[in-house]
Amino acid sequence: MSGRTTPAPVRSARKAALRFRELLGSFAGTSWLIGGPEGQVSHTLRQGLLAVLMIMAGSWGVGWVAETVGSVLARNPWLLPVRTTTAGVIICTVLLVLGALLLLRSWLRLSQRIGTWDEQSVPVVRRALLMWGIPLMFCLPIFSRDVFSYLAQGRVLHAGLNPYQSGVSELPGWFAAGADSLWAESPSPYGPLFLLLARGVWFVSFEIPEISIALFRLVALTGVVLMAVYIPKLARAFGSAPGWALWLCLLNPLSLMVFIPAAHNDALMIGLMLAGTWYALRRRRLLAVLLLVAAVAVKPIALVLLPFAVLLTLDSTVSYAQRFREWCFAGVIALVLLIGGGYALGVGIGWFTAALGAGSAILQSAPVGLIGLVLGWVAQLGLGWDSAAVAEVFYHLARLFSGIVLALMLLRRRLGNPVLWGAYALTVVVVSSSIIQPWYVLWILPLYAVVHVYRGRVLVLVTLLLTVMVLNSMVSQLSVAQWIDTAVVQGIAFAVAAVYLIYIVFLDPNTTELFSMREESQRWNAADGWLPLRELSTPDTSWSRADIYQDHGAPAVHRPIDPDQKAR
């Protein structure tokens, strides 16, 4: 990937792969999937459709199912052969992993076949989202089983208990309902608005988990729709490419898996954040703050973006007095709604303290988490101190550090684009966390993508990160019956993933160039053109009202991206 010459065995393998693809393209039965002119996207859309159909079929064998009495699928005679036999589980595992990698390849190839990311690319990306997203609605939960924890916490609230004080194990039957044992005694990390939604889902689902999953997916789809609407709007306003931003943020396999089959509430939080950001840009101050506070009430991590996004209502961030005015306006509304809403719901302000300790039951596997574990072990070995207490002190210091960095960012004399600085702030918070879940990166991607288009090493690293996260969760989050050797099934999944990934990265003549590390990291904005990552500084005027709106109030459309374009 990094050398100037390709070894002869690799060249031979690439030629063999190309000949095989040409052979498939010559048959009527496979040409509809393989062939077609390079600039034609229909074949890539069909490849992605085939991929999600494979994922859907695979999920029926190794996706998560609740074992409650009310479950429609737990003992369904059509699913039992693929869920209870070794052959059925292995076939479904292979389908799931191959489908995920074919989806990855389709996502990458779509970017090549679209070509120029002009306005014509937006409907193409939305069509791909529709084609690839609908079959995923019919998957069993894969990638994560947090959706069952959502339902269990809604049940806890419906029973009159406080989910910030009582774990899901307070009520009988929680394990059969599918909730992960890691959250058995842990407080809910979600905001009061989402708990209210979860209680509503529990109430109307008649204790049938499949109805609950469908309703939570509709909640997540609400967030997906908000993202599909507001990502292009923000990208046009800030001078990025709306089609590229949609492609990166919504079509990547991680987003599709997390937002639809897994029905994660992150989709709703992100959608509300972006909608609030857009209306702040339009000077709709109250509506903007209400949407941003609603995002916080879904997942409190959205609180990081709020003080940055509300600054978009200003013509300039030069005045500290005007900044504090907007922060006070948003802060008062947030306090009234979050605290008042929490007490009205009967949960108080437990959401805030619970959010600070979110994920404490999970292995602290992030860099900060691992450092804390090592420091605790060394302190116990050398000084006899309690290792857990030492690690916890380190985690608190990391949170304090991220808070100080956020304050310094907010008080910068020349703040520039508030959305970009909000992305930096959220990145600092994630990197400073003791745990990092795969979907955390999805919080950040839209905030970067609506301001700049990226290419070169930085985009390769993001692609590899998304790929590793998808495959890791696909392999580790398999629901396998107790009498089937899980290690064997996971080993087969890992082997299939490794072989196909090697093909995509090193052998596929159409995708290997997308993983080249030779190209310098760059980012593009309509105001600056392509510039090295370290040199581009988004100007203060890139988000001012005069540059965004024409006289009639419609968003100005920037020119298409030209790879040879230089800075003005």
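Let me begin by describing the structure that accompanies this report. (Residues numbered from 1 in each chain as written. Predicted model: local features only at pLDDT ≥ 70, side-chain atom pairs only at ≥ 80, totals over all residues. Heavy atoms only, no water.)

Description of the overall build of the protein chain
Assigned secondary structure in the protein chain consists of 23 helices and 3 strands. Residue pairs in contact within the protein chain that sit at least 24 positions apart in sequence constitute 75% of those at least 6 positions apart. Element-wise, carbon and sulfur atoms account for 67% of the exposed surface of the protein chain, whose accessible area totals about 24,200 Å². (Helix = DSSP H or I, 4+ residues; strand = E, 2+ residues; numbered from the N terminus. Contact = heavy atoms within 4.5 Å. Areas by Shrake-Rupley, 256 points an atom, 1.4 Å probe, with all protein chains shown as cover.)

A short note on unusual backbone geometry
You will see that Glu 207, though not glycine, has its phi angle at about 60 degrees, which is positive. Residue placement: Glu 207 occurs in the loop between helix H8 (192-204) and helix H9 (209-238). Exposure remark for Glu 207: the relative accessible area of 54% places this residue in the exposed category. (Buried < 20%, exposed > 50% of the residue type's maximum accessible area, 1.4 Å probe, protein only.)

Re H8
When the terminal C-alpha atoms of H8 are compared, their 19 Å separation across 13 residues agrees well with the 18 Å that a helix rising 1.5 Å per residue should span. Phe 206 sits one or two positions beyond H8 and adopts a positive phi of about 55 degrees. (Expected span 1.5 Å × (residues − 1).)

Observations regarding the pattern of salt bridges
Counted according to the given criterion, the structure contains 8 salt bridges. Linking Asp 508 and Arg 105 is a salt bridge whose minimum nitrogen-to-oxygen distance equals 2.5 Å. Here Asp 508, found in the loop between helix H22 (486-507) and strand E2 (522-525), pairs with Arg 105, found in helix H5 (residues 86-114); they are 403 residues apart in sequence, far enough to count as distant. As far as burial versus exposure is concerned, Asp 508 and Arg 105 are alike and both buried. Where Arg 325 meets Glu 326, a salt bridge forms, and the shortest distance between an N and an O atom there is 2.8 Å. Note on Arg 325: relative accessible area 44%, which makes it partly exposed. Take Glu 326: its relative accessible area is 2%, and that puts it in the buried class. (Salt bridge = Lys/Arg side-chain N within 4 Å of Asp/Glu carboxyl O.)

With respect to the sheet that holds strand E3 (residues 529-532)
Taken in spatial order, the 3 strands of this open sheet run E1-E2-E3, and their pairing is antiparallel. Across the chains shown, the open sheet's two edge strands, defined by having one partner strand only, are strand E1 (453-455) and E3. If you compare each strand with its neighbour and ignore which way they point, the axes differ by 25 degrees on average. Of the strand pairs in this sheet, E1 and E2 are connected by 3 bridges, and their pairing is antiparallel. (Pairing = 2+ DSSP bridges. Axes fitted to C-alpha atoms, helices over the stretch in contact; angles between N-to-C directions.)

Some remarks on the packing of H9 against helix H10 (residues 242-250)
The interhelical angle for the contact between H9 and H10, taken along N-to-C directions, is 145 degrees, at an axis separation of 8 Å. When the axes of H9 and H10 are compared, the crossing they make is right-handed. Facing Val 224, Met 227, Ala 228, Ile 231, Pro 232, Ala 235 and Arg 236 of H9, the residues of H10 in contact are Pro 242, Ala 245, Leu 246, Cys 249 and Leu 250. Class assignment for the residues of the contact of H9 with H10 results in 11 nonpolar, no polar and 1 charged. (Left-handed = near helix turned anticlockwise from the far one by under 90°. Nonpolar A, V, L, I, M, F, W, Y, C, P; charged D, E, K, R; others polar.)

Digging into the side chain of Ser 473
With respect to the element layout, Ser 473 can be found in helix H21 (residues 457-476). Beyond its immediate sequence surroundings of up to four residues, Ser 473 is in contact with Phe 143 and Pro 438.

A short note on helix H17 (residues 367-383)
Over its 17 residues, H17 runs 24 Å from end to end, which matches the ideal 24 Å to within 8%, given 1.5 Å per residue. Of all the positions in H17, only Val 368, Gly 369, Gly 372, Gly 376 and Ala 379 are classed as buried. Projected down its long axis, H17 shows its buried positions confined to an angular sector of 100 degrees, all on one face. Turned more than 90 degrees off the buried face of H17, the exposed positions are Pro 367, Trp 377, Leu 381 and Gly 382. The inward-facing, buried residues of H17 contact helix H18 (387-410) and helix H19 (418-431). Remark: Gly 384 follows H17 within two positions and exhibits a positive phi of approximately 75 degrees. (Arc of directions from axis to C-beta.)

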